[in-house]
Amino acid sequence: MNKMDLPSDLSDEDRAFCMGLLERIFLKSENDLDGFLDAQVPLISRLIRLFKNPEAQAHILTAFSDPVRLQLLKLLPAAYRVSISTVCTDQGVWTHLFPLLSESKQNTILKKFYRQNPDLYEFLKTLTPLTTLHPSGLQVDIKRVTSKTLSPKEAQRFLNLVISPDFSAKDILKEAKALTKSLDPEVIHQLLLELIRQFNMQGLPLSSPANCLAYIKFFELIFYFDDVIPDLHLHLKRPYDRVIIGLSQLSGHEWVLKVLGQFHAAAIHGILTLLSRHSQLSSLEKRSQYSKLFSVLKSYHLESNSKALRLFFGG
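Residues numbered from 1 in each chain as written. Predicted model: local features only at pLDDT ≥ 70, side-chain atom pairs only at ≥ 80, totals over all residues. Heavy atoms only, no water.

**Concerning empty space enclosed by the protein**
Part 1: Applying the stated criterion across every chain yields a total of one cavity of 30 Å³ or more.
Part 2: When its volume is computed, the largest cavity comes out at roughly 30 Å³.
Part 3: For the largest cavity, the full set of lining residues is L6, P7, L10, C18, L43, R46, L47 and L50.
Part 4: A per-element tally of the lining of the largest cavity places helix α2 (residues 40-50) first, with four residues.
Part 5: A breakdown of the residues in the lining of the largest cavity according to their chemical character gives seven nonpolar, no polar and one charged. (1 Å grid on protein atoms, 1.4 Å probe; cavity = no way out; pocket = protein on both sides within 12 Å on 5 of 7 lines; lining within 4 Å. Points joined across faces, edges and corners; volume = space filled by probe spheres on them. Helix = DSSP H or I, 4+ residues; strand = E, 2+ residues; numbered from the N terminus. Nonpolar A, V, L, I, M, F, W, Y, C, P; charged D, E, K, R; others polar.)

Okay, here's the thing in structure tokens:
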């Protein structure tokens, strides 16, 4: 950044201060900067906002001492704090940044780093409040919640929502959204695995509109949390297999396309991937069943309204 990039309303003294500060940060790589006058901190905050790149904004913040960094973050508008949170990996910055974010944003970040940056996730988890409000209205202590104390109960509640025809996929996703605001991603991970286990135990055949709706809602719920469970498709082989069996029993490719096309795009991809590996199956009967259905879908995929189905076959 050269002098012409600085706002024209700055005094010569302020311009010199800004240029000198940028040189200390970007050229000399100084850190733990401190000892600024009260009037200079808002000027530094304004300087940060001149950078449109959140990486540069985060880099500037890392150069200051903790007290100054906290002052700067409080002065920055919420939109800038959110922008910085998308790229920041410095724990010193996060110490002050995380508590300033909304609860919803905090949970989104925890969900993101649960898989992408486990070390940072563990650090940020220590900055969360001890208690939070659960959708049921009860206070839940995040530090004490475990899969043994919560998952079976909550999984059963979600299973009931999935199976009951009185609740739509939209209703379930509303509940899922509330869940991300109240529970740690580790707990959600265990809850989902328990839900999948319970759903598998139901053994629902894809043989009625009600059961078809249950599968639609189940996949919508599970894939709402697709970034929480690594290799999610591996946990869904049994539901995929039941869908395949049900589709194989439908008469006419029109119905096959219509039913399959109602599922979540990720579920469609998972089902098609499983079908494509039909040659690896040891059971001759199942291999023939999978192969036949895969051929039908491949032959008529262009007639489908599902973009996921068409893309899988390159159409």
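**Quick notes on the side chain of H301**
Part 1: Mapped onto the fold, H301 is located in the loop between α16 (284-300) and α17 (307-312).
Part 2: Reaching out from H301, the side chain makes a polar contact with the backbone oxygen of K298 at a distance of 2.7 Å. (Polar contact = N/O pair within 3.5 Å; in protein donor to acceptor, adjacent residues only side chain to side chain.)

**Topic: the nonpolar core**
Side chains that are nonpolar tend, in soluble globular proteins, to be buried together.
Part 1: Of all hydrophobic cores here, the largest spans 94 residues; its most connected members are F64, W94, F263 and L297.
Part 2: Looking at this core element by element, the count peaks at nine residues for helix α12 (residues 209-224).
Part 3: Discounting chain neighbours no more than four positions away, the residues touching F263 are L206, C212, Y215, I216, F219, V243, I268 and I271. (Core = buried A, V, L, I, M, F, W, Y, C linked by side-chain atoms within 4.5 Å. Buried < 20%, exposed > 50% of the residue type's maximum accessible area, 1.4 Å probe, protein only. Contact = heavy atoms within 4.5 Å.)

**Digging into helix α11 (residues 185-202)**
Part 1: Its 18 residues place the ends of α11 26 Å apart at the C-alpha level, agreeing with the 26 Å of an ideal helix rising 1.5 Å per residue.
Part 2: Every buried residue belonging to α11 is among P185, V187, I188, H189, L191, L192, E194, L195, I196, Q198, F199 and N200, and all of these are buried.
Part 3: Following α11 by one or two positions, G203 has its phi on the positive side, about 60 degrees. (Expected span 1.5 Å × (residues − 1).)

**Description of the side chain of D241**
Part 1: Note that D241 resides in helix α13 (residues 237-248).
Part 2: Judged by relative accessible area, which is 14%, D241 ranks as buried.
Part 3: Within the structure, D241 has its side chain in polar contact with the side chain of Y290 (distance 2.4 Å).

**Notes on the packing of α2 against helix α4 (residues 66-75)**
Axes are the key here: two packed helices are described by the angle between their axes and the distance separating the axes.
Part 1: α4 packs onto α2 with a crossing angle of 60 degrees between their chain directions and a minimal axis gap of 9 Å. The orientation of α2 relative to α4 falls into the category oblique. Considering how the two elements wind past one another, α2 and α4 form a crossing that is right-handed. Taken together, the residues of α4 that come into contact with α2 (itself represented by V41, P42, I44, S45, I48 and R49) are Q71, L72 and L75.
Part 2: Residue composition of the contact of α2 with α4, by class: six nonpolar, two polar and one charged. (Axes fitted to C-alpha atoms, helices over the stretch in contact; angles between N-to-C directions. Parallel < 35°, antiparallel > 145°, perpendicular 65-115°, else oblique. Left-handed = near helix turned anticlockwise from the far one by under 90°.)

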